[in-house]
Amino acid sequence: GNSVTQMEGPVTLSEEAFLTINCTYTATGYPSLFWYVQYPGEGLQLLLKATKADDKGSNKGFEATYRKETTSFHLEKGSVQVSDSAVYFCALSDPGGKLIFGQGTELSVKP
Amino acid sequence: DGGITQSPKYLFRKEGQNVTLSCEQNLNHDAMYWYRQDPGQGLRLIYYSQIVNDFQKGDIAEGYSVSREKKESFPLTVTSAQKNPTAFYLCASSSRTSGSPYEQYFGPGTRLTVT
């Protein structure tokens, strides 16, 4: 069945460091891929998305490229800020329209 | 402003009581979803509805019930049969006919504590 695997957290970085959060998936067909972010005590917000192979999603300095050959959708940011501290979820759409989420990766950025 | 509202933000109940969580959206979305989130874990799907008066069980429906009498509303009842009801509950919606299908918009969540 469809599934999403994310790197385990927590990830702790210093401000201005480079961020990578790995995400790989297993799916039949051609799902859409998403990154969501959750700040403490809040709901999830869509960060970026990609709907087909080789698409690059980007928002607020974050980027992720849909790599069908490696079934990956890694999240990157060149220079993180303290305000980026949150939990990040990778997700894919199944054929019925539901989202399958990874377990989330907590990011903590220190000043 | 369009969006999803969930109320209340915090809810406390005694064991053995049923409790209903509210979810309302004014995005004109057809589909709505309920998820459960436990500390340090991902989201698990409880129920979803793709159209008014119809809904389907998700991965962990036991001990929960829903209704979808109006497009805007998708309340979730946590019954006394749910063995571990204390959790953070998230409601979401998505459009099936416009914009980016499958992209879900989330409410702020309700934290339920049962003692």
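Residues numbered from 1 in each chain as written. Chains lettered and ligands numbered in written order. Predicted model: local features only at pLDDT ≥ 70, side-chain atom pairs only at ≥ 80, totals over all residues. Heavy atoms only, no water.

Visitor: Which parts of the structure should I look at to understand the overall build of chain A?
Guide: A count of helical and extended segments in chain A gives zero helices and 12 strands. Ordering the α and β elements of chain A from the N terminus gives β-β-β-β-β-β-β-β-β-β-β-β. Computed over C-alpha atoms, the radius of gyration of chain A comes to 13 Å, within 12% of the 13 Å expected from 2.2 N^0.38 for 111 residues, which places it in the range of a compact globule. The dimensions of chain A, computed from C-alpha atoms along their principal axes, are 45 × 30 × 20 Å. Long-range pairs, those at least 24 residues apart, make up 56% of the contacts in chain A with a sequence separation of at least 6. Of the charged side chains in chain A, 9 are positive and 12 negative; the average position of the first set lies 6 Å away from that of the second. (Helix = DSSP H or I, 4+ residues; strand = E, 2+ residues; numbered from the N terminus. Rg over C-alpha atoms; globule rule 2.2 N^0.38 Å. Contact = heavy atoms within 4.5 Å. Lys, Arg positive; Asp, Glu negative; His and termini not counted. Charge placed at Lys NZ, Arg CZ, Asp CG, Glu CD.)

Visitor: Explanation requested: the packing of aromatic side chains in the structure shown.
Guide: Between two aromatic rings, the relevant description is the distance of the centres plus the angle of the planes. Throughout the structure, instances matching the rule amount to 13 aromatic pairs over all chains. Ring plane angle 90 degrees and centroid distance 6.4 Å describe the contact between F89 of chain A and F101 of chain A, whose orientation is recorded as edge-to-face. On the criterion of sequence distance, the pair formed by F89 of chain A in strand β10 (residues 86-93) and F101 of chain A in strand β11 (residues 99-101) is long-range, its members being 12 residues apart. Taking relative accessible area as the criterion, F101 of chain A reaches 10% and is therefore assigned buried. The cationic tip of R68 of chain B hangs over the ring face of F74 of chain B; the distance from NZ or CZ to the ring centre is 6.0 Å. (Phe/Tyr/Trp six-rings, centres within 6.5 Å; stacked < 30°, edge-to-face > 60°. Buried < 20%, exposed > 50% of the residue type's maximum accessible area, 1.4 Å probe, protein only. Lys NZ or Arg CZ within 6 Å of the ring centre and 35° of its normal.)

Visitor: What exactly am I supposed to notice about the environment of Y105 of chain B here?
Guide: Residues and elements named next belong to chain B. By the secondary structure assignment, Y105 is in strand β10 (residues 105-106). Overall, the relative accessible area of 40% leaves Y105 in the partly exposed class. Y105 has contacts with I4, L27, H29, C91, A92 and S93, leaving out every residue within four places of it along the chain. One polar contact links Y105 to E103, side chain to side chain, over a distance of 2.9 Å. (Polar contact = N/O pair within 3.5 Å; in protein donor to acceptor, adjacent residues only side chain to side chain.)

Visitor: Could you clarify how one ought to interpret the interface of chain B and chain A in this entry?
Guide: At the junction of the two partners, chain B supplies 21 residues and chain A supplies 20 residues. For the pairing of chain B and chain A, the buried interface totals around 1500 Å² over both sides, and the portion due to carbon and sulfur atoms is 55%. Taken as a group, Y102, E103 and F106 of chain B account for 35% of the area that chain B buries against chain A, more than any other trio of residues on that side. The tally of links from chain B across to chain A stands at one salt bridge. Linking E103 of chain B and K49 of chain A is a salt bridge whose minimum nitrogen-to-oxygen distance equals 2.4 Å. At the surface where chain B touches chain A, the tally comes to five residue pairs in polar contact (both at pLDDT 80 or more). Sorting the residues of the side of chain B that touches chain A by element identifies β4 (31-37), β5 (43-51) and β9 (87-94) of chain B as the ones contributing at least two each. Element by element, the count of residues in the side of chain B that touches chain A is highest for β5 of chain B, at four residues. (Buried area = accessible area lost by both parts, 1.4 Å probe. Salt bridge = Lys/Arg side-chain N within 4 Å of Asp/Glu carboxyl O.)

Visitor: Would you mind showing me how to read the pairing of strand β4 (residues 23-26) of chain A here?
Guide: Residue and element names in this part refer to chain A. Alternating residues of β4 divide into C23 and Y25, all buried, and T24 and T26, none buried. The sheet contact formed by strand β1 (residues 3-6) and β4 spans four bridges and is antiparallel. Among the inter-strand pairings, T5 is bridged to a residue of β4, identified as T24. (Pairing = 2+ DSSP bridges.)

Visitor: Can you help me understand the environment of L112 of chain B in this one?
Guide: Residue and element names in this part refer to chain B. Its location among the elements puts L112 in strand β11 (residues 110-114). Judged by relative accessible area, which is 0%, L112 ranks as buried. Sequence separation of L112 and N18 is 94 residues, and the distance between their C-alpha atoms is 12 Å. Among residues more than four places away in sequence, those in contact with L112 are L11, V19, V78, P85, T86, A87 and Y89.

Visitor: What am I meant to see in the pairing of strand β6 (residues 54-57) of chain B here?
Guide: Each regular strand shows side chains that alternate between the opposite faces of the sheet. Inspection of the sheet shows β5 of chain B paired to β6 of chain B by three bridges, in the antiparallel sense. Pairing of Y48 of chain B across the sheet is with Q56 of chain B, part of β6 of chain B.

Visitor: Hey, could you run me through the nonpolar core in this one?
Guide: Soluble globular proteins: nonpolar side chains tend toward being buried together. Residue and element names in this part refer to chain A. In this structure, W35, L48, F73, L75 and Y88 are the most contacted members of the largest nonpolar core, which totals 25 residues. Mapped by element, the contributors of at least two residues to this core are β2 (11-14), β3 (19-21), β4, β5 (33-38), β6 (44-50), β8 (62-65), β10 and β12 (105-110). Ranked by residue count, the leading element in this core is β10, at four residues. When near neighbours in sequence (up to four residues on either side) are disregarded, F73 contacts C23, L33, F34, W35, L48, K49, A50, A64, T65, Y66 and C90. (Core = buried A, V, L, I, M, F, W, Y, C linked by side-chain atoms within 4.5 Å.)

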